[in-house]
Amino acid sequence: MFGKLLKYEFKFVGKWYFALYILSLIISIMLGVWIKGVGLLNNRIYDSIYFSLGAFLLIMSIMFIFAGILLSTLIIIIRQFYKNLFSREGYLTLTLPVSTHQIILSKLTAAIIWSIMSGLAICFSVFFILLPSINQESIRYFLENAKLYFPPIDSALLLLSWTVVSFIARILMIYFAIAIGQLFDNYRILLSFVAYCILAILIGTFSSYFNLFISNQWHLHLILNNILSAVQLVAFYFGSYAIIKYKINLQ
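None of the values given here were measured: they were computed from a predicted structure.

**Q** Report on the overall build of the protein chain, specifying residues and quantitative values.
**A** Scanning the protein chain for helices and strands turns up 11 helices and zero strands. Start at the N end of the protein chain and walk to the C end: the helices and strands fall as α-α-α-α-α-α-α-α-α-α-α. For the protein chain, with 251 residues in total, the buried portion stands at 35%. Here the contacts in the protein chain between residues at least 6 apart in sequence split such that 82% fall between residues at least 24 apart.

Given below as C-alpha cells:
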C-alpha cells in the first residue's frame, strides 16, 4: 500500500514540471556554447548589441528557470501535504487502509525525491554550461588542486550526513507548521506560515548561540550539529504524527 501512496504522489506532478528540467538543460547547452564562443569570436562580433542581448536573455532565462524549479518543488511539497490531509481530500486519505506513519513517510519520500531531481537538474544544467569550456588544462589544474576544494574524508562524511539530516528536518518542519496551523478554525494557512516563522527563528537563534561556543572546533561542530538536526527531525516527525493522529481538524 505504501507503493500505491507513492505512485499517487508522483501522479500529481504534471508534464510541465518535467518540462522545466528539459528547458533548463536546453538553455544551459546554448549558454555553454555562447560562453565558449566568447573566447573564439573577435571583439567586433562579440561586442555587438545583438550578441550581448542574446547572452543577457540566455542568462536571465536560466536564472528564472532555476528559480522556477526550486519554487515549484517547494509549492508541491506544501500543497500535497496540506491538500491531501487537511482539505476535503483528507476525509478520503484518512479512510485509506494505511497507518498515519505510512501517509507521512510516503509524502516525505516523494518530497525528498522531488528535491533530489530538482537539485540534479540544476547541477546538470551548470555542468552543461561549463562543459564546452572544459579542456585538458582545466582538468589538470582541478586534479592538481583537488585537495583545496574538498575537505578530508571524515569531515566530508560528517558534512554530508548533516546536509541530509538537516534537509529532511526542514521538510518535516514545514509539515509540522502546517499541522499546527490546522489546529485553528480560521486563517489556517496564515497561522501555518506564522508557526513556520516562529520555529525557524527559535531554531536559528538557538543554533547561533550554540555554534558560537564551538566555532573553532570543526569536527565537534559537525558532530553536534548532526545531533541537533536529528533531534529536530524526530521532534517534527512525531509532532506532525501526533496532530494528524489525535488532533486532526478537517473542515
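**Q** A description of the side chain of Thr-100 should follow, citing residues and the corresponding values.
**A** Relative to the elements of secondary structure, Thr-100 occurs in helix H6 (residues 100–130). Classification of Thr-100 by relative accessible area gives buried; the value is 12%.

**Q** Any chance you could break down the side chain of Ser-115 for me, citing the residues and the numbers?
**A** Topologically, Ser-115 is positioned in helix H6. For Ser-115, the contacting residues outside a window of four places in its chain are Thr-73, Ile-77 and Phe-167.

**Q** Now, about the packing of aromatic side chains: what can you tell me, with residues and values included?
**A** Taken as a whole and judged by the stated rule, the model has six aromatic pairs. When the centroid spacing of 5.8 Å and the interplanar angle of 75° are considered together, the rings of Phe-81 and Phe-86 count as edge-to-face. In this structure Phe-81 comes out as buried when scored by relative accessible area, which is 0%. Aromatic pair Phe-176 and Phe-236: ring centres 5.8 Å apart, planes at 35°, arrangement tilted. One end of the pair, Phe-176, is in helix H9 (residues 153–181); the other, Phe-236, is in helix H11 (residues 218–246), and 60 residues separate them in sequence.

**Q** Give a description of helix H10 (residues 188–212) that names residues and reports values.
**A** Taking 1.5 Å per residue as the helical rise, H10 with its 25 residues ought to reach 36 Å, and the 36 Å between its terminal C-alpha atoms agrees with that figure. Taken as a whole, H10 has its buried residues at Arg-188, Ser-192, Ala-195, Leu-199, Ile-203, Ser-207 and Asn-211.

**Q** Account for the environment of Ile-243, with residues named and values stated.
**A** Mapped onto the elements of the fold, Ile-243 is located in helix H11. Between the alpha carbons of Ile-243 and Phe-176 there is a distance of 8.6 Å; along the sequence they are 67 residues apart. Once residues lying within four places of it in the same chain are set aside, the contact partners of Ile-243 are Phe-176, Ala-179, Ile-180, Gln-182, Leu-183 and Ile-248.

Cut-offs and rules
- Residues numbered from 1 in each chain as written.
- Predicted model: local features only at pLDDT ≥ 70, side-chain atom pairs only at ≥ 80, totals over all residues.
- Heavy atoms only, no water.
- Helix = DSSP H or I, 4+ residues; strand = E, 2+ residues; numbered from the N terminus.
- Buried < 20%, exposed > 50% of the residue type's maximum accessible area, 1.4 Å probe, protein only.
- Contact = heavy atoms within 4.5 Å.
- Phe/Tyr/Trp six-rings, centres within 6.5 Å; stacked < 30°, edge-to-face > 60°.
- Expected span 1.5 Å × (residues − 1).

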